[in-house]
Amino acid sequence: NSDTAMYQAKASGRNNYRFYSPEMDAKAADRLMLENNLRRALERNELSLHYQPIVSLASGEIMAVEALLRWTHPVMGVVSPARFIPVAEDSSLILPIGEWVLETACRQIREWDKTKQFSGRVVVNLSPRQFRQGDLVKRFTHIIERTGIDPQRLGMEITESVIMENLDSSIRMLQSLKDMGVEFSLDDFGTGYSSLSYLKRFPVDKLKIDQSFVRDLVNDHDDEALVKAIIAMAHSLKIRVVAEGVETRQQLDFLREQHCDQYQGYYFSRPLPPTNSCSRKTETMRTNQKQTPPSNRQD
Ligand code: C2E
Ligand code: MG
Ligand code: MG
Ligand code: MG
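The model shown is predicted, which means the values in this text are computed figures rather than measured ones. (Residues numbered from 1 in each chain as written. Chains lettered and ligands numbered in written order. Predicted model: local features only at pLDDT ≥ 70, side-chain atom pairs only at ≥ 80, totals over all residues. Heavy atoms only, no water.)

Student: Sorry, what's going on with the site of ligand 1 here?
Tutor: Near ligand 1 you find 22 residues, and of these Arg70, Asp187, Gln211, Glu247 and Tyr266 are the closest. With respect to ligand 1, the side chain of Asp188 contributes an N or O atom lying 3.1 Å from an oxygen atom. Within the backbone of Tyr266, one N or O atom sits 2.8 Å away from an oxygen atom of ligand 1. Here ligand 1 loses 81% of its free accessible area of 810 Å² to cover by the protein chains. Ranked by residue count, the leading element in the shell around ligand 1 is strand 4 (residues 62-73), at four residues. (Near = heavy atom within 4 Å. Polar contact = N/O pair within 3.5 Å; in protein donor to acceptor, adjacent residues only side chain to side chain. Areas by Shrake-Rupley, 256 points an atom, 1.4 Å probe, with all protein chains shown as cover. Helix = DSSP H or I, 4+ residues; strand = E, 2+ residues; numbered from the N terminus.)

Below, the structure written as structure tokens:
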């Protein structure tokens, strides 16, 4: 049948044949194409992690770095996480990829220990699918033990929607990782079904204000009010607050006035590869040495 194109994908050692008709929309075809390529990305070494500093507003010190996945395909070039993470999530590929991310981050911690370059936490993003895995704690503990890192050096970010799905089992899972020393942040806060009452029950250490609220700070009074309210509420629950997507000095000054604890964004640094070829990186990845708070810098 000439109307039927055949795609061959190799999954766990055997061949799967997938068929689609021209009616299948372009978006679905694009996803299937991405999925087939992503399946090979791990073994072909096309994935890497970049790291973005998370900085204390009070001291200017780098407290942690967030590991962000990067995919460079030999033909398509750089594929953005916004495009491939949803595909990985829907196809379960996020499970092996997520383990690769944790393992790579753990190895990076050891590497930075050796070079004395960075002694803060390395934070990884956990996807909903990963969080739904019954044996997540066992799998993660295994990776932590195998790489021999101190769990106090690890952080994890999850989104609100994940924990809302199954609050009780989420709390149990989180608590056993927290007991080991892992720190937890609620990512993209404010974009999901925020129910303030669950925050009281949920043992989270940090809240990350989504960048959509930070973007228009200083111009949009509604966003200013929201950010103020989030910070006040988090602090009253003894939860620290991180602002995402800080790009300007004005945003930073506003956040400092509101006693926001930490920030992350292009204003301080973009996500960068771990091996440093440029001096900016050497500077940004160092915590053992106190940094001048950015507000005092001559920009
Ligand atoms: P996220 O976890 O909320 O990560 C923050 C995103 O904001 C990153 O995008 C980062 O590059 C970007 N960003 C940081 N500072 C600024 C800024 O000042 N301005 C702007 N406009 N953007 C800024 P990225 O790297 O494209 O990642 C997008 C999303 O993909 C992440 O959002 C996260 O949800 C997901 N992701 C990335 N890596 C992983 C991973 O290893 N596992 C999982 N499950 N998801 C990941
Ligand atoms: Mg994140
Ligand atoms: Mg985020
Ligand atoms: Mg985000």
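Student: Hey, could you run me through the side chain of Lys208 in this one?
Tutor: By secondary structure assignment, the location of Lys208 is in strand 9 (residues 206-209). You can call Lys208 buried: its relative accessible area is 1%. Reaching out from Lys208, the side chain makes a polar contact with the side chain of Gln264 at a distance of 2.7 Å. Apart from residues no more than four positions distant in its own chain, Lys208 is found in contact with Ile54, Glu66, Glu157, Ser185, Leu186, Asp187, Asp188, Phe189, Val242, Glu244 and Gln264. (Buried < 20%, exposed > 50% of the residue type's maximum accessible area, 1.4 Å probe, protein only. Contact = heavy atoms within 4.5 Å.)

Student: Explanation requested: the coordination of the magnesium ion (ligand 3) in the structure shown.
Tutor: Taken together, Asp187 (OD), Asp188 (OD), Glu244 (OE) and Glu244 (OE) make up the protein donors of the magnesium ion (ligand 3), found 2.0 to 2.6 Å from the metal. Donor residues binding the magnesium ion (ligand 3) come from one chain and are separated in sequence as D-D-x55-E. By relative accessible area, which is 8% here, Asp187 ends up buried. (Donors = N, O, S within 2.8 Å, 3.2 Å for Na, K, Ca; no water.)

Student: Explain the pairing of strand 7 (residues 154-159) to me, please; I cannot follow it from the model alone.
Tutor: Successive side chains on a regular strand alternate, one facing one side of the sheet and the next facing the other. For strand 7, a buried count of five out of six residues is recorded, marking the element as mostly surrounded by other parts of the structure. Bridge count between strand 6 (residues 121-125) and strand 7: four bridges; the pairing is parallel. From the neighbouring strand, Val122 faces strand 7, where its bridge partner is Leu154. Looking at chain direction, strand 7 and strand 8 (residues 183-189) are connected through five bridges and run parallel. (Pairing = 2+ DSSP bridges.)

Student: I'm lost on the pattern of salt bridges in this one. Help?
Tutor: One side chain can pair with another of opposite charge once the charged atoms of both are near each other. A complete count under the given rule lists 20 salt bridges for this structure. With its nearest N and O atoms 2.5 Å apart, the salt bridge here joins Arg39 to Glu35. Of the two residues, Arg39 and Glu35 are both situated in helix 1 (residues 26-41); the distance of four residues between them amounts to about one turn of the helix. The pair formed by Arg39 and Glu35 is uniform in burial state, with each residue classed as buried. (Salt bridge = Lys/Arg side-chain N within 4 Å of Asp/Glu carboxyl O.)

Student: How do you make sense of the packing of aromatic side chains when you look at a structure like this?
Tutor: What characterises a pair of aromatic rings is the spacing of the ring centres plus the angle enclosed by the ring planes. Applying the stated criterion across every chain, the model contains four aromatic pairs. Here the aromatic rings of Trp71 and Phe84 are separated by 5.5 Å at their centres, their planes lie at 85 degrees, and the arrangement is edge-to-face. Of the two residues, Trp71 sits in strand 4 while Phe84 sits in helix 2 (residues 81-91), which places them 13 residues apart along the sequence. Taken together, a centroid distance of 6.4 Å and an interplanar angle of 85 degrees make the contact between Tyr263 and Phe268 edge-to-face. For the pair formed by Tyr263 and Phe268, the shared burial category is buried. Aromatic ring contacts, followed pair by pair, group Tyr51, Trp112 and Phe118 into a single cluster. Of note, Arg270 hangs over the ring of Tyr266, and the distance from its end group to the ring centre comes to 3.9 Å. (Phe/Tyr/Trp six-rings, centres within 6.5 Å; stacked < 30°, edge-to-face > 60°. Lys NZ or Arg CZ within 6 Å of the ring centre and 35° of its normal.)

Student: Where do I start with the environment of Met33 in this structure?
Tutor: On the secondary structure map, Met33 appears in helix 1. Overall, Met33 belongs to the partly exposed group, its relative accessible area being 23%. Separated by 54 residues in sequence, Met33 and Val87 place their C-alpha atoms 10.0 Å apart.

Student: Help me out: how do you make sense of the pairing of strand 4 in this one?
Tutor: Of all the twelve residues making up strand 4, nine are buried; the element is thus mostly covered by neighbouring parts of the structure. Relative to strand 4, strand 3 (residues 47-56) runs antiparallel, the two sharing nine bridges. The residue bridging Pro53 from the neighbouring strand is Val65, located in strand 4. Alignment of strand 4 against strand 6, held across three bridges, turns out to be parallel. Residue Val65 lies in a different strand from strand 6, and its bridge partner there is Val122. Across three bridges, strand 4 lies against strand 5 (residues 77-79) in antiparallel orientation. Paired with Trp71 across the strands is Val79, a residue of strand 5. Where strand 4 hands over to strand 5, the hairpin turn is made up of three residues, counted between the paired strands.

Geometric values such as these leave the question of function open.
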